[in-house]
Amino acid sequence: EAGVTQSPTHLIKTRGQQATLRCSPISGHTSVYWYQQALGLGLQFLLWYDEGEERNRGNFPPRFSGRQFPNYSSELNVNALELEDSALYLCASTQDRGPETQYFGPGTRLLVL
Amino acid sequence: QQQVKQSPQSLIVQKGGIPIINCAYENTAFDYFPWYQQFPGKGPALLIAIRPDVSEKKEGRFTISFNKSAKQFSLHIMDSQPGDSATYFCAASSVSGTASKLTFGTGTRLQVTL
């Protein structure tokens, strides 16, 4: 069974640009979570999508947004990139709405210059 | 606001030693406490988890100790091996309503030497 996949693996952007990150959950999983892992800050919850709807949002500005498609894959968009957005962005999926069985992808490393 | 505090930030132990990583939480609504293991270049993987109705849980060489009154929990790795060298994250969540999310600690980088 394939795990959670994310693309691209690395992304380099300049300040002010937009970044789009993609996530494909494990087959059969309907919930997708996005986290930001910045150096020294652990994982910060960004967004939770379930059945195509945004269910919860972390303490991030509106320029962080996303969506979930009918096939349950998800996209994270970051507009007006700032230097401090440089981080590893992790996607996780679960089969149900509980957080217990979150399976993480390898992440997309975003570098903002 | 750091709702889950994790310590130490880094830890070096010799092979066979028992590293202990501690976490403390503030939100009394938390009712699920997992530990994740992350190797370089990989996403975190669930290692072991506990609910507050038990004080200890063992899975292989990994043990979680939970102290509900102190709002603390810890991970013990018995007979540690060089392959255990990784970053470990504690987390907490409240499985209620629509606010399902994990709050993570800042991580502990463990190095097990020969």
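Reading the values: rules and limits
The numbers attached to residues start from 1 for each chain and follow its sequence in the written order. Throughout, the order in which chains and ligands are written sets their labels, letters from A for the former and numbers from 1 for the latter. Local features in this predicted model are restricted to residues of pLDDT 70 or higher, and side-chain atom pairs are both shown and tallied only at a pLDDT of 80 or more, whereas totals for entire chains, interfaces and linings draw on every residue. Side-chain measures here rest on the full set of heavy atoms in the structure, leaving out hydrogens and waters. Strands here mean DSSP runs of E at least two residues long; helices mean DSSP runs of H or I at least four residues long; both are numbered from the N terminus. Here the globule rule is a power law, 2.2 Å times the number of residues to the power 0.38, and the radius of gyration is based on C-alpha atoms. Throughout, exposure labels follow a simple rule: accessible area from a 1.4 Å probe, protein chains only, divided by the maximum for the residue type, with under 20% read as buried, over 50% as exposed, and the rest as partly exposed. Using a 1.4 Å probe, accessible areas were evaluated by the Shrake-Rupley method; residue-level cover was limited to the displayed protein chains. Positive: Lys, Arg. Negative: Asp, Glu. His and the chain ends are not part of the count. Taken as the charge location is NZ of Lys, CZ of Arg, CG of Asp or CD of Glu. Cysteine sulfur atoms that come within 2.5 Å of each other are treated as a disulfide pair. Pairing of aromatic rings covers Phe, Tyr and Trp, the last through its six-membered ring, and needs centres within 6.5 Å; plane angles under 30 degrees mean stacked, over 60 mean edge-to-face, and all others mean tilted. At least two bridges found by DSSP between two strands are what make those strands a pair. Angular values range over 0 to 180 degrees, each being the angle between N-to-C directions of two axes fitted as lines to C-alpha atoms, with helices fitted over their stretch in contact. The definition of a nonpolar core used throughout is a set of buried Ala, Val, Leu, Ile, Met, Phe, Trp, Tyr and Cys residues joined through side-chain atoms within 4.5 Å. Here a residue-residue contact requires only that any non-hydrogen atoms of the pair lie within 4.5 Å. Grid spacing is 1 Å over the protein atoms alone, the probe is 1.4 Å, and a cavity is where that probe fits but cannot get out, while a pocket is an open set with protein on both sides within 12 Å along at least five of seven lines and lining residues have an atom within 4 Å of a point. Grid points are joined across faces, edges and corners, and a volume is the space filled by probe spheres set on the points. Each residue gets one of three labels, nonpolar for Ala, Val, Leu, Ile, Met, Phe, Trp, Tyr, Cys and Pro, charged for Asp, Glu, Lys and Arg, and polar for the others, Gly among them.

Draft legend 1. Geometry of the overall build of chain A. The secondary structure content of chain A amounts to zero helices and eleven strands. In terms of overall dimensions, chain A is globule-like: its C-alpha atoms have a radius of gyration of 13 Å, near the 13 Å expected for 113 residues. Based on the C-alpha atoms only, the size of chain A along its principal axes is roughly 35 × 25 × 25 Å. Relative to its 113 residues, chain A shows a buried fraction of 51%. Accessible surface for chain A amounts to roughly 5,300 Å². Of this, 49% is attributable to carbon and sulfur atoms. With 9 positive and 11 negative side-chain charges, chain A shows a separation of 9 Å between the mean positions of the two kinds.

Draft legend 2. Structural view of the state of the cysteines. Residue and element names in this part refer to chain A. Applying the stated criterion across every chain, the model contains two disulfides over all chains. Across the disulfide from C23 sits C91; the S-S distance is 1.8 Å. Handedness here is read from the sign of the S-S torsion; for C23 and C91, about -55°, the answer is left-handed. Here C23, found in strand β3 (residues 19-24), pairs with C91, found in strand β9 (residues 87-94); they are 68 residues apart in sequence, far enough to count as distant.

Draft legend 3. Structural detail: the packing of aromatic side chains. All names here are of chain B. Enumeration over the complete set of coordinates arrives at 17 aromatic pairs over all chains. Summarising the aromatic geometry, the rings of F33 and F73 are spaced 5.0 Å apart at their centres and angled 55° between planes, so their arrangement reads as tilted. Residue F33 is found in strand β4 (residues 33-38), and its partner F73 is found in strand β8 (residues 72-77); the two are separated by 40 residues along the sequence. Classification of F33 by relative accessible area gives buried; the value is 0%. Ring centres 5.6 Å apart and planes at 55° place the aromatic pair Y36 and F104 in the tilted group. Of the two residues, Y36 is situated in strand β4 and F104 in strand β10 (residues 103-104); the sequence distance between them amounts to 68 residues. A relative accessible area of 2% places F104 in the buried class.

Draft legend 4. Just the sheet that holds strand β7 (residues 62-67) of chain B, in detail. All names here are of chain B. Judged by pairing direction, the sheet is antiparallel, and its five strands sit side by side in the order β1-β3-β8-β7-β6 without closing on themselves. One side of each edge strand has no neighbouring strand; the edge strands of this open sheet are β1 (4-7) and β6 (56-59). Pairs of neighbouring strands in the sheet enclose a mean axial angle of 15°, with direction left out of account.

Draft legend 5. Geometry of the nonpolar core. F33, W35, F73, L75 and Y88 of chain B are the most contacted members of the largest nonpolar core, which has 24 residues in total. Contributions of two or more residues to this core are made by β2 (10-14), β3 (20-25), β4, β5 (45-50), β7, β8, β9 (86-92) and β11 (108-113) of chain B. Looking at this core, the element that brings in the most residues is β9 of chain B, giving four residues. Filtering out sequence-adjacent residues up to four positions away, F33 of chain B remains in contact with Y25, I48, A49, I50, P52, I64, F66, F73, A91 and A92 of chain B. Ranked by size, the runner-up nonpolar core spans 22 residues in total, among them L11, V32, A38 and L81 of chain A.

Draft legend 6. Examining the layout of surface pockets more closely. What the largest pocket holds in volume is close to 740 Å³. As for the largest pocket, its lining consists of 28 residues, of which Q37, L39 and R109 of chain A together with Q38 and R109 of chain B are closest to the centre. Elements represented by at least two residues in the lining of the largest pocket include exactly β9 and β11 (108-112) of chain A together with β9 and β11 of chain B. For the lining of the largest pocket, the element with the highest residue contribution is β9 of chain B, accounting for three residues. Each residue belonging to the lining of the largest pocket can be placed in one class, and the counts come to ten nonpolar, 15 polar and three charged.

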